[in-house]
Amino acid sequence: MWRRVASVFTLLAPSRSSVLNKVPHNLKFLEVFATEVMTPTEDGVLSKVKTPFITFVLGGPGSGKGTQCLKIVESFGFTHLSAGDLLRKETSTNAKFCDMINDTIKEGGIVPSELTVKLIQGAIDSSENYKFLIDGFPRSEENRSAFEKITGAEPNIVLFFDCPEEEMVRRVLSRNEGRLDDNIDTMKKRLKTFTALSLPVINYYSEKGKLLKINAVGTEDEVFEQVRPVFAKYEKEIR
Ligand SMILES: Nc1ncnc2c1ncn2[C@@H]1O[C@H](COP(=O)(O)OP(=O)(O)O)[C@@H](O)[C@H]1O
Ligand SMILES: Nc1ccn([C@@H]2O[C@H](COP(=O)(O)OP(=O)(O)O)[C@@H](O)[C@H]2O)c(=O)n1
Ligand SMILES: [Mg+2]
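Residues numbered from 1 in each chain as written. Chains lettered and ligands numbered in written order. Predicted model: local features only at pLDDT ≥ 70, side-chain atom pairs only at ≥ 80, totals over all residues. Heavy atoms only, no water.

Novice: What is the right way to read the pattern of salt bridges from this model?
Specialist: Here the idea is simple: oppositely charged side chains can pair when their charged atoms come close. Per the stated rule, a full pass over the model turns up 14 salt bridges. We note a salt bridge from Asp221 to Lys71, for which the minimum N-O separation is 2.9 Å. Highlighted residues: Asp221 in helix 8 (residues 220–234) and Lys71 in helix 1 (residues 65–76), separated in sequence by 150 residues. On the basis of relative accessibility, which here comes to 49%, the residue Asp221 falls in the partly exposed class. You can call Lys71 buried: its relative accessible area is 18%. Salt-bridge contacts for Arg175 lead to Asp182; the nearest nitrogen and oxygen are separated by 2.8 Å. Taking relative accessible area as the criterion, Asp182 reaches 16% and is therefore assigned buried. (Salt bridge = Lys/Arg side-chain N within 4 Å of Asp/Glu carboxyl O. Helix = DSSP H or I, 4+ residues; strand = E, 2+ residues; numbered from the N terminus. Buried < 20%, exposed > 50% of the residue type's maximum accessible area, 1.4 Å probe, protein only.)

Here it is as C-alpha cells:
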C-alpha cells in the first residue's frame with residue numbers, strides 16, 4: 001500500500017503530527033534513491049510509506065539552475081522550490097524580515113539559515129507532491145547543517161551546474177527580471193560568496209558521492225540533455 005508522507009520533517013521533530021512520527025527514529029531516512037520505507041501504522045501493521053525525493057540544485061549565480069529546474073518540472077513532474085524565490089516572496093508578506101532579506105540579497109550575502117529552512121519546510125509540507133527540486137540551497141555549510149538539523153532529512157541527489165564566472169556574469173547582467181541583485185556590484189559580491197561559502201558544500205556532497213556535475217555551458221537544450229538521463233534513470237523508482 002502506498003501512502004504519501006505528509007511531512008519529511010518529523011524524524012527529528014517527533015512533536016509534529018505526521019505519519020512520519022511513526023517511522024522508527026533510527027531508520028536511515030533518505031537513502032540515495034530510496035523512496036519507500038516500512039513503517040508501522042497505528043494498528044502496528046507494517047506498510048510502505050512513500051518518502052519524499054529531494055534534489056538539491058546548486059551552482060553559481062546565473063549558472064542556469066532555475067532554467068533547468070523548469071525543464072525538469074515539465075519532463076519529470078517535480079515541484080520546484082527556489083530558495084531565492086521563497087525569500088523574495090517573503091519580502092512582500094513579512095514586514096518584519098523584509099528589509100533584512102532585501103539588504104542581504106543586495107549585498108550578495110546569505111540570509112540566516114533558520115528562516116530559509118522554515119520557508120522550504122513550509123513549502124514541502126503544503127505540497128501534495130513527493131518529488132522536490134530545492135534550487136539555490138544549501139548555499140553554505142550553515143544552510144546545510146540547519147536543514148539537516150531542523151528537518152532530519154538529506155538530499156537524495158545533488159546537481160551542480162558548473163559554469164565559468166564570465167558566462168555567469170554575462171547571463172545575470174542580461175537576465176532582465178528586475179532583480180535587486182542583477183547588477184555588476186552585487187554580482188561581484190555574489191561570486192565571492194559562492195567561492196567562499198557555497199563551493200565547500202558542493203565539495204562536501206562530492207565527497208559523499210551524491211554530486212552530479214553538469215557542464216552548464218551550451219544552449220539550454222544542450223544542458224538539459226545532460227540533466228535528462230539523471231532523472232530518466234530513476235523515474236520508475238521515484239514514481
Ligand atoms: N544554457 C544557457 N545559455 C544561455 N543563457 C542561459 C542558459 N540557461 C539560462 N540562461 C539565461 O541566463 C539567465 C540566468 O539563468 P537562471 O536560470 O536564472 O540561473 P540561476 O537560477 O542559476 O541564477 C537567465 O536570463 C536565463 O534565461
Ligand atoms: N539559500 C539561499 C538562497 C538564496 N539566498 C539569497 O537570495 C539571493 C538570490 O538567490 P537565487 O537563488 O534566487 O539566485 P540565483 O542563483 O538564481 O541568481 C542570494 O544571492 C542570497 O542573497 C539566501 O540567502 N540563501
Ligand atoms: Mg535562480
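Novice: Just checking my understanding: could you explain the side chain of Thr151 for this structure?
Specialist: With respect to the element layout, Thr151 can be found in helix 5 (residues 141–151). In this structure the side chain of Thr151 is engaged in a polar contact, spanning 2.9 Å, whose partner is the backbone nitrogen of Ala153. (Polar contact = N/O pair within 3.5 Å; in protein donor to acceptor, adjacent residues only side chain to side chain.)

Novice: Where do I start with the site of ligand 1 in this structure?
Specialist: The immediate surroundings of ligand 1 are formed by 13 residues, with Gly62, Lys65, Thr67, Arg175 and Gly218 found nearest. Within the backbone of Gly64, one N or O atom sits 3.0 Å away from an oxygen atom of ligand 1. Note that a nitrogen atom of ligand 1 is positioned 2.8 Å from one of the backbone N or O atoms of Gly218. Contact with the protein chains removes 78% of the 560 Å² of surface that ligand 1 exposes when unbound. The dominant element in the shell around ligand 1, judged by the number of residues it contributes, is helix 1, at three residues. For the shell around ligand 1, a count of residues per class yields one nonpolar, eight polar and four charged. (Near = heavy atom within 4 Å. Areas by Shrake-Rupley, 256 points an atom, 1.4 Å probe, with all protein chains shown as cover. Nonpolar A, V, L, I, M, F, W, Y, C, P; charged D, E, K, R; others polar.)

Novice: What am I meant to see in the environment of Leu159 here?
Specialist: Along the chain, Leu159 turns up in strand 6 (residues 157–162). According to the relative accessible area criterion, Leu159 is buried, its value standing at 0%. Taking the C-alpha atoms as reference points, Leu159 and Leu58, 101 residues apart in sequence, are found 5.9 Å from one another. In this view, Leu159 contacts Thr55, Phe56, Val57, Leu58, Ile72, Leu212, Val227, Val230 and Phe231; residues no more than four positions away in its chain are not counted. (Contact = heavy atoms within 4.5 Å.)

Novice: Sorry if this is basic, but what is going on with unusual backbone geometry here?
Specialist: Glycine aside, the phi torsion of most residues is negative, and most peptide linkages are trans. Cis rather than trans, the peptide bond between Phe137 and Pro138 has omega equal to 0 degrees. Look at Asn176: it is not a glycine, yet its phi comes out positive at around 60 degrees. The topology assignment puts Asn176 in the loop between helix 6 (165–173) and helix 7 (184–207). Note on Asn176: relative accessible area 75%, which makes it exposed.

Novice: Mind showing me how you'd approach the pairing of strand 3 (residues 53–59) here?
Specialist: Every other side chain in a regular strand lies on the same face of the sheet, so the side chains alternate between the two faces. Strand 3 sits mainly inside the fold: seven of its seven residues count as buried. The two faces of strand 3 match: Phe53, Thr55, Val57 and Gly59 on one face and Ile54, Phe56 and Leu58 on the other face are all buried. Here five bridges tie strand 3 to strand 6, and the two strands are oriented parallel to one another. Along strand 6, the bridge assignment pairs Phe56 with Val158. (Pairing = 2+ DSSP bridges.)

Novice: Could you clarify how one ought to interpret the sheet that holds strand 7 (residues 211–215) in this entry?
Specialist: Note on sheets: strands pair through backbone hydrogen bonds, and any given pair is parallel or antiparallel. Taken together, the five strands give an open sheet; going across it, the order is 4-5-3-6-7, and neighbouring strands pair in parallel fashion. The sheet is open, and its two borders are formed by strand 4 (79–82) and strand 7, each paired with just one other strand. In this sheet, adjacent strand axes meet at a mean angle of 20 degrees when their direction is disregarded. Bridging between strand 3 and strand 5 (residues 131–135) involves five bridges; their strand directions are parallel. (Axes fitted to C-alpha atoms, helices over the stretch in contact; angles between N-to-C directions.)

Novice: Any chance you could explain the site of ligand 2 here in plain terms?
Specialist: In the neighbourhood of ligand 2, 20 residues make up the surrounding shell, with Lys65, Arg88, Gly109, Val111 and Arg139 lying closest. Contact between ligand 2 and Lys65: an oxygen atom at 2.6 Å from a side-chain N or O atom of the residue. Between an oxygen atom of ligand 2 and a side-chain N or O atom of Arg175, the distance comes to 2.9 Å. Those elements giving two or more residues to the shell around ligand 2 turn out to be helix 2 (83–93) and helix 3 (95–106). Examining the composition of the shell around ligand 2, we find that four residues originate from one element, helix 2, more than from any other. Residues that form the shell around ligand 2 fall into these classes: seven nonpolar, six polar and seven charged.

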